[in-house]
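# Commentary on secondary and tertiary structure
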Amino acid sequence: MSNDDSCPSFHPETLAIRGGRETSEYREHSQSLHLTSSFTFESAAQAAAMFLGEIEGYTYSRFTNPTVSAFQQRLAMMEGAERAIATASGMAAIQATMLTLLKSGDHIVSSQSLFGSTINLFNGVLAKFGVEVSYVDAAKLEEWQAAVKPNTKLFFLETPSNPLTDLADIAAVADIAHAAGALLVVDNCFCSPALQQPLQLGADLVVHSATKYLDGHGRVMGGAVVGSDKLVEQVYLHVRTAGPTLAPFNAWVLLSGLETLHLRMEKHVASAQALAEWLQQQPAVSRVFFPGLPSHPQYELACRQQKGGGAVVSFEVEGGREAAWRVVDAVQMISRTANVGDVKSTITHPASTTHARITPEARAKAGITEGLLRVAVGLEHIEDIKADLLRGL
Ligand SMILES: *Cc1c(COP(=O)(O)O)cnc(C)c1O
């Protein structure tokens, strides 16, 4: 599978292993790691032509690097996209996208339930440069429509939402965005391309925190922006100038992460499904939030839009913060950390961690109660995960 062959006939599982693979003159079987900041030229004329972009080639690793471009090509194939540009982190991907596509005076419409740093980026950084944001309930299509203004340039959403797993109908929101002359950007971090391909549903760009399921082992930071050649070229020009570039070593780690993505997601989803069903039976649990349960209000949309319910299960225990903290403190195996997307299961109490800095009123409005817990289900044996949670239930 050569570098410039997009291999449309291969299944996603195969693309995740063989897509974008590059080998050097030594024909090594594993992905080679090119740890170099710059590349040499055969002549002054070649250097000049490469710097002008007249001929393709590697000049400097802030622009491109063979290991990073292998990661970019593989991820683009997996999202069914023309192109991807890798970044140093998920936040770098979101920032690069926003700084590329927006200017002072523009307006964006965003789902209100977002990763905390994304909210800080929108309200703190973008606001400073005169970009205005309206937040909507992602599940309510009429709110997306009503928020449109003459200067709306971009829609942004995460689906499923964290921690309550509300879904946005990507195809329907894309239609509203396009009718308004705006682009739709989807943060696909929670599902990964193994479960959901937003570009196939009409989104214009996908952003990733590769730190999560793409790596899958909690080893490195990384991010990516994926989409059409035309849009990604613009983001690329920003990244090569501004410098939030992915390190070659991290790209090399992420390439091996991608190789097992489908296998891992299959197991994450199966265990999350089993855990959600089991939690529903526990007397101490009053509610379970998981898109794979028929009791989820958007179960039908989940079946249509995602391959499986995802790997994050949230649930409410009777007895508020005290009861919830008891569960967090009782676990002996599951990691007490707010991260997701790891082979190791994690547990967090959103009201006092990830969502602690928003006002109690905003928390209540978002449905994040004191009894709510979030588990990102890892790849340990499901019976060990259940037994560990049972200690505090
Ligand atoms: C973690 C995360 C990010 C940010 O990614 P980093 O790699 O930590 O910068 C963005 N969106 C979602 C949904 C995330 O979970």
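Cut-offs and rules
Residues numbered from 1 in each chain as written. Predicted model: local features only at pLDDT ≥ 70, side-chain atom pairs only at ≥ 80, totals over all residues. Heavy atoms only, no water. Near = heavy atom within 4 Å. Polar contact = N/O pair within 3.5 Å; in protein donor to acceptor, adjacent residues only side chain to side chain. Areas by Shrake-Rupley, 256 points an atom, 1.4 Å probe, with all protein chains shown as cover. Nonpolar A, V, L, I, M, F, W, Y, C, P; charged D, E, K, R; others polar. Disulfide = S-S within 2.5 Å. Buried < 20%, exposed > 50% of the residue type's maximum accessible area, 1.4 Å probe, protein only. Pairing = 2+ DSSP bridges. Helix = DSSP H or I, 4+ residues; strand = E, 2+ residues; numbered from the N terminus. Contact = heavy atoms within 4.5 Å. Axes fitted to C-alpha atoms, helices over the stretch in contact; angles between N-to-C directions. Patch = residues over 30% accessible without salt bridge, like charges linked within 9 Å, V, L, I, M, F, W, Y side chains within 5 Å. Salt bridge = Lys/Arg side-chain N within 4 Å of Asp/Glu carboxyl O. Core = buried A, V, L, I, M, F, W, Y, C linked by side-chain atoms within 4.5 Å. Domains from an automatic or database assignment. Phe/Tyr/Trp six-rings, centres within 6.5 Å; stacked < 30°, edge-to-face > 60°. Lys NZ or Arg CZ within 6 Å of the ring centre and 35° of its normal. Buried area = accessible area lost by both parts, 1.4 Å probe.

### Examining the site of the ligand
The environment of the ligand is formed by 13 residues, the closest being M91, D187, S209, T211 and K212. Backbone polar atom of M91 to an oxygen atom of the ligand: 2.8 Å apart, as the coordinates give it. Interatomic distance of 2.6 Å between a side-chain N/O atom of T211 and an oxygen atom of the ligand. Protein chains bury 93% of the 380 Å² of accessible surface belonging to the ligand in isolation. Broken down by class, the residue content of the shell around the ligand amounts to 5 nonpolar, 5 polar and 3 charged.

### Structural notes on the state of the cysteines
Counted under the stated rule, the structure contains 0 disulfides. C189 carries a free sulfur, and the closest cysteine sulfur to it, the one in C191, is 9.7 Å from it. Judged by relative accessible area, which is 1%, C191 ranks as buried.

### Comments concerning the sheet that holds strand β12 (residues 372-376)
Strand order in the open sheet formed by 5 strands is β8-β9-β12-β11-β10, and the pairing between neighbours is mixed. Looking at which strands have only one partner, the edges of the open sheet turn out to be β8 (285-289) and β10 (335-336). Both β10 and strand β11 (residues 346-348) contribute to a ladder of 2 bridges, which runs parallel. Bridge pairing in β11 places R336 opposite I347. Across the face of the sheet, helix α13 (residues 320-330) comes into contact with β9 (312-317), β10, β11 and β12 while running at roughly 130° to β9.

### With respect to a nonpolar patch on the surface
Taken together, the side chains of L33, L35, F249 and W252 present a nonpolar region at the surface, about 380 Å² in accessible area. Note that W252 resides in helix α10 (residues 248-259). Residue class for W252 comes out partly exposed when judged on its relative accessible area of 35%.

### Some thoughts on the sheet that holds strand β6 (residues 205-209)
What the 7 strands build is an open sheet, ordered β1-β7-β6-β5-β4-β2-β3; its pairing is mixed. On the outer flanks of this sheet lie β1 (83-87) and β3 (132-136), each paired with one strand and no other. Taking each pair of neighbouring strands and ignoring which way they run, the sheet shows an average axis angle of 20°. Bridge analysis of strand β2 (residues 107-111) against β3 gives 5 bridges, and the strand direction is parallel. Bridging across to β3, I108 finds its partner in V133. The strands that helix α4 (residues 90-101) touches are β1, β2, β4 (152-158), β5 (183-187), β6 and β7 (223-227); relative to β6, the one it contacts most, it runs at about 150°. Seen against the sheet, helix α5 (residues 116-128) touches β2, β3 and β4 and runs at an angle of roughly 150° to β3.

### Quick notes on the pattern of salt bridges
For the structure shown, the criterion picks out 13 salt bridges. If you follow the salt bridges from partner to partner, you end up with R83, D229 and E233 in one network.

### Notes on the nonpolar core
Membership of the largest hydrophobic core comes to 36 residues, with the highest contact counts inside it found for F71, L75, Y213, V226, L246 and L261. Those elements that place two or more of their residues in this core are α3 (66-78), β1, α8 (192-195), β7, α10 and α11 (261-280). No fewer than three residues from each of domain 1 (7-259) and domain 2 (261-390) sit in this core. By size, the runner-up hydrophobic cluster in this structure holds 26 residues, among which are A96, F156, V225 and V235.

### Observations concerning the packing of aromatic side chains
Counting across every chain of the model gives 6 aromatic pairs. Ring geometry for F39 against Y58: centres 5.5 Å apart, planes inclined by 35°, an arrangement best described as tilted. In this pair, F39 is assigned in the loop between α1 (12-18) and α2 (44-51) and Y58 in the loop between α2 and α3, connecting sequence segments 19 residues apart. On the accessibility criterion, F39 (18% relative accessible area) is buried. Taking the relative accessible area as the measure of exposure, Y58 reaches 26% and is therefore partly exposed. Taking NZ or CZ as reference, K212 lies 4.7 Å from the ring centre of F115, over its face.

### A word on the domain arrangement of the chain
The domains assigned to the chain are domain 1 (7-259) and domain 2 (261-390). Put simply, the middle of domain 1 and the middle of domain 2, counted by C-alpha atoms, are 27 Å apart. In this complex, domain 1 contributes 36 residues to the contact, which on the side of domain 2 involves 35 residues. For the pairing of domain 1 and domain 2, the buried interface totals around 3000 Å² over both sides, and the portion due to carbon and sulfur atoms is 57%. It is L164, L195 and Y213 that lose the most area in domain 1 upon contact with domain 2, and together they represent 25% of the buried surface on that side. At the surface where domain 1 touches domain 2, the tally comes to 0 salt bridges. Put simply, domain 1 and domain 2 have 14 residue pairs in polar contact (both at pLDDT 80 or more) between them. For the side of domain 1 that touches domain 2, the elements supplying multiple residues, two or more each, are α1, α8 and α10. When residues in the side of domain 1 that touches domain 2 are grouped by element, the largest group, 4 residues, is from α8. Its residues assigned to classes, the side of domain 1 that touches domain 2 shows 19 nonpolar, 11 polar and 6 charged.

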